[in-house]
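What the coordinates show
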Amino acid sequence: MSKTIFLTGATGNMGWAGFQELLKSDCHIKILARPSSKNKILLEDYIHDDRVTVIWGDLTCYEDVAAGVSGADYVLHVGGMVSPAADYFPEKTLEVNVAAAENIVRAVSARPDSACVKVVYIGSVAQYGDRMSPIHWGRCGDPVMASRYDRYSVSKCLAERIFADSGLRYWVSLRQSGILYPGIFRQINPVAFHVPVKGVLEWATIEDSGRLLARVCDDSVPEEFWNRFYNISSGEQYRLTNYEFEKRLLAPLGLDPEKIFEPEWFALKNFHGMWYTDSDILEEYLHFRENVPVDEYFARLGSALPWYYSLAGFVPSFLIKPFMKRLASEKGLGTLSWIGTDDAKVEAYYGSMEAYESIGSWEHLKPGKMEISASVAMPAGELIELNHGYDTTESIYDLSLQEIRDAASFRGGRFLGDGKDLGKKGFLFEWECEHGHRFRSSLEYVLLGGGWCPDCKVDEQYLNVSPKNRFTSQVLEKRCLE
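Along each chain, residue indices are assigned from 1 in the same order as the chain's sequence is written. In keeping with the model being predicted, local features are shown solely for residues with a pLDDT of at least 70 and side-chain atom pairs are shown and tallied solely at 80 or more, while totals for entire chains, interfaces and linings include all residues. To get the side-chain values, take all heavy atoms of the structure and skip hydrogens and water.

1. Considering the sheet that holds strand β15 (residues 428-432)
Any two strands are treated as partners once DSSP identifies two or more bridges connecting them. Secondary structure elements are taken from DSSP: a helix is a run of H or I of four residues or more, a strand is a run of E of two residues or more, and numbering for both begins at the N terminus. Pairing is antiparallel across the open sheet formed by three strands, whose spatial order is β14-β15-β16. Among the strands making up the open sheet, the edge pair consists of β14 (414-415) and β16 (438-442). Pairing between β15 and β16: five bridges, direction antiparallel. Pairing of E430 across the sheet is with R440, part of β16.

In C-alpha cells, the structure reads:
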C-alpha cells in the first residue's frame, strides 16, 4: 500500500525540490498552498494529477491543516515565512510560523491513530544564533539562542519546541542550513549586509535538501532516528567562510566583492552560521548527498543563469557600487541606515561605533586561513566544542537522576522530577531555571535539542544569563574573545 505524505511549503525552494523527489516514488502527496496567482500557475499541472491533492488554504487555519494531516502517514513541515519576507514582516513571521506548528501538532494529536504518524519539522541554523570564531564549530544540543532582532530565529525556536514537547510518538527536527540554489543570485537585499564577512556557514544544496525529504519517508529509516535533532548540510567541502561564499557567488557574474562593496557595510556579528561536527550523522541515516565537489557545484549554478546575467561583468564596478550602497542604506534593514540613528543596532551588529569606524580595509576584515576539517586544530588553537553538561556519549534514557540534576545545575537551574519516569520518551518533566521560572519540558528538548526555559526569551539571553548558567555563558563568553 502506498504512503500518503502531507507536505507544507511545496511552493518554496526546499519544498519544491522535495515535491519533485516525492513524485518519483510510489506515494500520494497532499499539498497545502495559499491560493495566490503565482502558486496556482506553479501547481497548474498537478491539479488533475492522481498522485497529488492540492489543498488551497493557509497554515494559520486549523481546518486547512487538518485536511492535509487527515489520512497522512508522514507530515513534512517545510512551510512558513522565511527571508526576505521574514525580515520585512518579523511579527507576522512569528505569528505564522508558531501557529503553523501548533496547528500541525493539534491536528495530528486529534487523530485516533496519531501514534502511527511521523512528523518531520524543518528547523534552522538560525536557532543557534551568533557563533563567530572561536566558537564557529557546533552540534545539536548546543544552546538554542537567537541573535538579537532575529524574529525569524525566534519563530523557529518556538515552533521546534512545540514539536519536541508535543507528546507525539514520532517527530524529528532537521535544522536546515543555507541552501544553494539557482535563485540565490537574485537574493541580494539589505539583509545580505547583516552577514559578517568573517563568519562561516556549512551549506546544503537544493538537490540534497529535496532528496532528504523523500528519504526520510523511506521504510528503512530506523526507530532510533526519531525524536531527535539533526543538522543538515551537504558535507565537509561545503564549509565556507562568508568571504569565500561571496567570492564564489559573484565570480560567474564577473564581479569581485571587494570592488562593489565597502567592508564597513557588513556587520561584524549578531547573525548566525557555523560549521558542524555532527552533520554527517543525518547522511548516515538518509544517504541524501550527491557529493558533488563544491567548485563543480558553483559552476553548475553559474551555468544555469540566464544569458543576460553575464552582462554584469561588462558593467563597471563604479556603476554597480552605488546601487549596492542604496541597499545597505535602506531604512530599517540596511546596516548604513543605523549609523547615527540607531545606537542599539550599531551595538548589536558592530559592537560599538568605534568598532564600526575602525573596520578599515578589506585586508583587515577578511578571515585568515581556516581549516575546514573537524579533525584538525584551528589557527587560534584547538577546535572548541561546547560542553553540554552531561556525557553525550550516553543515551539520555540511560542517565541517572544525579546526572540529569547535574545537567540542570550546569544550566543554572534545577531538575524537579523524582526520576521514576526517566526512561519514557517525550515525558514532560518539571525544571527550574536560574531566574526561578518553573516549566515543563522533555529530556529530548533540553538535552538533545539545547533548549531551556520558555520564559527566558531566546533572543534576549545576552541580557538575562548569569555566570551561574554555564551552558549558555560559554557561548556569550567566547564571543567576547573575537
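2. A word on the packing of helix α8 (residues 242-250) against helix α11 (residues 294-303)
To define axes, lines are fitted to C-alpha atoms, for helices over the stretch in contact only, and angles between the resulting N-to-C directions are given on a 0 to 180 degree scale. Where α8 contacts α11, the two axes come as close as 9 Å, and the packing angle between them is 45°. One finds that α8 runs oblique with respect to α11. Two secondary-structure elements touch here, α8 through F245, R248 and L249 and α11 through V294, D295 and F298. A class-by-class count of the residues in the contact of α8 with α11 yields four nonpolar, no polar and two charged. An angle counts as roughly parallel when it lies under 35 degrees, as roughly antiparallel when it exceeds 145, as roughly perpendicular when it falls between 65 and 115, and as oblique in every other case. What makes two residues a contact is simply this: any of their non-hydrogen atoms within 4.5 Å. Each residue gets one of three labels, nonpolar for Ala, Val, Leu, Ile, Met, Phe, Trp, Tyr, Cys and Pro, charged for Asp, Glu, Lys and Arg, and polar for the others, Gly among them.

3. Quick word on the confidence of the model for the chain
Of all residues in the chain, 95% have pLDDT values of 70 or greater, and the mean over the chain is 93. Low pLDDT, under 50, characterises residues 375-381; the predicted model gives this stretch twelve contacts beyond four residues in sequence or across chains. Every residue is assigned a pLDDT by the predictor, reflecting its confidence on a scale from 0 to 100.

4. Quick notes on the nonpolar core
Working definition of a nonpolar core: buried Ala, Val, Leu, Ile, Met, Phe, Trp, Tyr and Cys residues. They are joined through side-chain atoms within 4.5 Å. Residue exposure (1.4 Å probe, protein chains only): buried if accessible area is under 20% of the type maximum, exposed if over 50%, otherwise partly exposed. Membership of the largest hydrophobic core comes to 97 residues, with the highest contact counts inside it found for L174 and F225. In this view, F225 contacts V172, L174, V216, Y230, L282, Y285 and L286; residues no more than four positions away in its chain are not counted. Listed in part, the 21 residues of the second largest apolar core include L32, I55, A107 and F163.

5. Description of the pairing of strand β7 (residues 170-176)
Looking along a regular strand, one sees the side chains alternate between the two faces of the sheet. Buried residues dominate β7, accounting for seven of its seven residues. With burial as the criterion, each face of β7 is covered, one bearing Y170, V172, L174 and Q176 and the other bearing W171, S173 and R175. Sheet topology note: the strand β5 (residues 118-124)/β7 ladder contains seven bridges and is parallel. Counterpart to V119 in the pairing with β7 is W171. Bridge analysis of β7 against strand β11 (residues 229-231) gives three bridges, and the strand direction is parallel. Pairing of S173 across the sheet is with F229, part of β11.

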